[in-house]
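Take a look at the letters that make up each chain.
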Amino acid sequence: MRFTSAWGTRDVLDTTFVEPDLAAEISADTSVDRGRVYRHPIRYVRPCLDAAVEEVPRFGGGPAATAR
């Protein structure tokens, strides 16, 4: 996976993958540029204490991903 620090930069960020233990609500814009890179950051909104991690689809999975 490739993560950049800002739009238009070639600097690559160090990445640490973790095992999720809490579901969270986020605010996200799905705009992508020509390189298929998301144009806006994801923003944390609040923890979802009424949802278990197993109930939330992984990034890129679920019905919204197949509707494209």
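Structure first, text after, so check above.
## Quick notes on the overall build of the chain
Logical step 1: In terms of regular secondary structure, the chain is built from one helix and two strands.
Logical step 2: Counted from the first residue to the last, the chain has its helices and strands arranged as β-β-α.
Logical step 3: Each of the 68 residues in the chain was classed as buried or not, and the buried ones make up 3%.
Logical step 4: Roughly 6,500 Å² of accessible area belongs to the chain as shown, and the carbon and sulfur atoms make up 53% of that amount.

## Some details on the pattern of salt bridges
Logical step 1: Applying the stated rule across the entire model yields one salt bridge.
Logical step 2: The shortest N-O distance in the salt bridge between Glu25 and Arg46 comes to 2.7 Å. Of this pair, Glu25 sits in strand 1 (residues 24-27) while Arg46 sits in strand 2 (residues 43-47), and the two are 21 residues apart along the sequence.
Logical step 3: Note on Glu25: relative accessible area 31%, which makes it partly exposed.

## Considering the environment of Ile42
Logical step 1: Mapped onto the elements of the fold, Ile42 is located in the loop between strand 1 and strand 2.
Logical step 2: For the pair Ile42 and Thr30, spaced 12 residues apart in sequence, the C-alpha separation works out to 9.5 Å.
Logical step 3: Ile42 has contacts with Ile26, Ser27 and Ala28, leaving out every residue within four places of it along the chain.

## Thoughts on the environment of Glu25
Logical step 1: Along the primary structure Glu25 and Arg46 are separated by 21 residues, whereas in three dimensions their C-alpha atoms are 5.4 Å apart.
Logical step 2: The residues touching Glu25, leaving out its near neighbours within four places in the chain, are Arg43, Tyr44, Val45, Arg46 and Cys48.

Each value, and the rule that gives it
- Residues numbered from 1 in each chain as written.
- Predicted model: local features only at pLDDT ≥ 70, side-chain atom pairs only at ≥ 80, totals over all residues.
- Heavy atoms only, no water.
- Helix = DSSP H or I, 4+ residues; strand = E, 2+ residues; numbered from the N terminus.
- Buried < 20%, exposed > 50% of the residue type's maximum accessible area, 1.4 Å probe, protein only.
- Areas by Shrake-Rupley, 256 points an atom, 1.4 Å probe, with all protein chains shown as cover.
- Salt bridge = Lys/Arg side-chain N within 4 Å of Asp/Glu carboxyl O.
- Contact = heavy atoms within 4.5 Å.

Geometry only, nothing functional implied.
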